[in-house]
Amino acid sequence: QVQLMESGGGLVQAGGSLRLSCAASINIFSINVMGWYRQAPGKQRELVAEILGGGITKYADSVKGRFTISIDNDKKTADLQMNSLKPEDTALYYCHARVGGYYWGQGTQVTVSS
């Protein structure tokens, strides 16, 4: 019912930056919660960041101060600005939306080399 499409992943060196974007097939402002999760090989999917109505944000301790989730009002996307990237940030990053049910994008790969 709700389609999510991630973009912006890639290969960067440690200390570099990437900006991920998530576009939804419905009005992004109608979505209750949007967020980003990640899953590394051999590990479970974990919450990276969420943004709630009113702009309230939540971050995993491991990314606080380095990552910022926001809504781009012009592009109508949920973006994740990732700075000071570390090799341990390497994972497949998934966009997540909660609106009635729970929805996931297909993921975009982020690889950070040391």
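See above for the structure.
Overview of the structure.

Reading guide: rules and limits
Residues numbered from 1 in each chain as written. Predicted model: local features only at pLDDT ≥ 70, side-chain atom pairs only at ≥ 80, totals over all residues. Heavy atoms only, no water. Core = buried A, V, L, I, M, F, W, Y, C linked by side-chain atoms within 4.5 Å. Buried < 20%, exposed > 50% of the residue type's maximum accessible area, 1.4 Å probe, protein only. Helix = DSSP H or I, 4+ residues; strand = E, 2+ residues; numbered from the N terminus. Contact = heavy atoms within 4.5 Å. Pairing = 2+ DSSP bridges.

**Some thoughts on the nonpolar core**
Ranked by internal contacts, the top residues of the largest apolar core, which has 30 residues, are Met-34, Trp-36, Leu-80, Met-82 and Tyr-93. For this core, the element with the highest residue contribution is strand β9 (residues 91-99), accounting for four residues. Excluding anything up to four places from it in sequence, Leu-80 contacts Leu-18, Arg-19, Leu-20, Trp-36, Val-48, Ala-49, Phe-67, Thr-68, Ile-69 and Tyr-93.

**With respect to the pairing of strand β4 (residues 33-39)**
Within β4, six of the seven residues are buried, which leaves the element mostly enclosed by the surrounding structure. For β4 and strand β5 (residues 46-52), the ladder comprises six bridges, and the chain directions are antiparallel. Residue pairing in the sheet places Trp-36 in a bridge with Ala-49 of β5. The turn joining β4 and β5, which pair antiparallel and follow one another in sequence, is formed by six residues; a positive phi near 80° is taken by Gly-42. Where β4 meets β9, seven bridges bridge the pair, whose relative direction is antiparallel. Paired with Gln-39 across the strands is Leu-92, a residue of β9.

This is a description of form; function is not addressed.
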